[in-house]
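Structural description and commentary
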Amino acid sequence: MAILEILQYPDPRLHLPAAKVDKIDASTRQLVSDMVETMYDSEGIGLAATQVNVHRQIVVIDASEDRSGLRVFINPEITRREGMALNQEGCLSVPGVYENVERADSVTVTALDENGARFTLNASGLLATCIQHEMDHLQGKVFVEYLSELKLNRIRAKLKKRQRKAA
Ligand code: GNR
Ligand code: NI
């Protein structure tokens, strides 16, 4: 078990696309378990492998209130998107920034679990938002990139200032 380091925006490694996982073995399960531990430790509701600098298609999510709803998604694909909803999002790679993003209101996702079993899930609300947010990470996209250039520049300046102070 290990807490992994989470890349911070604008780290260019957040923009690397994740490759499909072709074999779910002991090292994959070790990574999944470390990602789960890292997500709970940082009080996030989801974490994509991209954020811990592993560029493979692996996501963990627990969008439940009592942290009892853990789900593992390997090679996830969205097969249905319905409706649109504007929701406030945050990201462990962009701490302290919360902005509204428009996404599908409900989705159907199919993926493999940590044992390689395929499952299909219909999701709406926060879970649907989180699935789309995490799948964006796997493609190298961070939620702030949906915002206007003006907002994005302000966020970049704020993060730079904060990183200077931390150094
Ligand atoms: O912890 C998180 N909360 C959150 C809230 C609204 C929409 C998406 C998220 S995901 C985020 C964790 C994270 O950065 N995952 O990539
Ligand atoms: Ni995120």
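Note that this is a predicted model, so its numbers are computed, not measured. (Residues numbered from 1 in each chain as written. Chains lettered and ligands numbered in written order. Predicted model: local features only at pLDDT ≥ 70, side-chain atom pairs only at ≥ 80, totals over all residues. Heavy atoms only, no water.)

Moving on, we come to the pattern of salt bridges. According to the stated counting rule, one finds seven salt bridges in the structure shown. Of the charged contacts, one joins Asp25 and Lys23 as a salt bridge, the two residues approaching to 3.6 Å between their closest N and O atoms. By relative accessible area, Asp25 is classed as partly exposed at 25%. Taking the shortest distance from any N to any O, the salt bridge between Arg103 and Asp136 comes out at 2.9 Å. On the criterion of sequence distance, the pair formed by Arg103 in strand β4 (residues 99-112) and Asp136 in helix α2 (residues 125-138) is long-range, its members being 33 residues apart. We note that Arg103, like Asp136, is buried. (Salt bridge = Lys/Arg side-chain N within 4 Å of Asp/Glu carboxyl O. Buried < 20%, exposed > 50% of the residue type's maximum accessible area, 1.4 Å probe, protein only. Helix = DSSP H or I, 4+ residues; strand = E, 2+ residues; numbered from the N terminus.)

To continue, consider the coordination of the nickel ion (ligand 2). Taken together, the protein donors to the nickel ion (ligand 2) comprise Cys91 (SG), His133 (NE2) and His137 (NE2), at separations of 2.1 to 2.3 Å. Here the donor residues for the nickel ion (ligand 2) map to a single chain with the spacing C-x41-H-x3-H. Highlighted residues: Cys91 in the loop between β3 (71-89) and β4 and His133 in helix α2, separated in sequence by 42 residues. According to the relative accessible area criterion, His133 is buried, its value standing at 7%. (Donors = N, O, S within 2.8 Å, 3.2 Å for Na, K, Ca; no water.)

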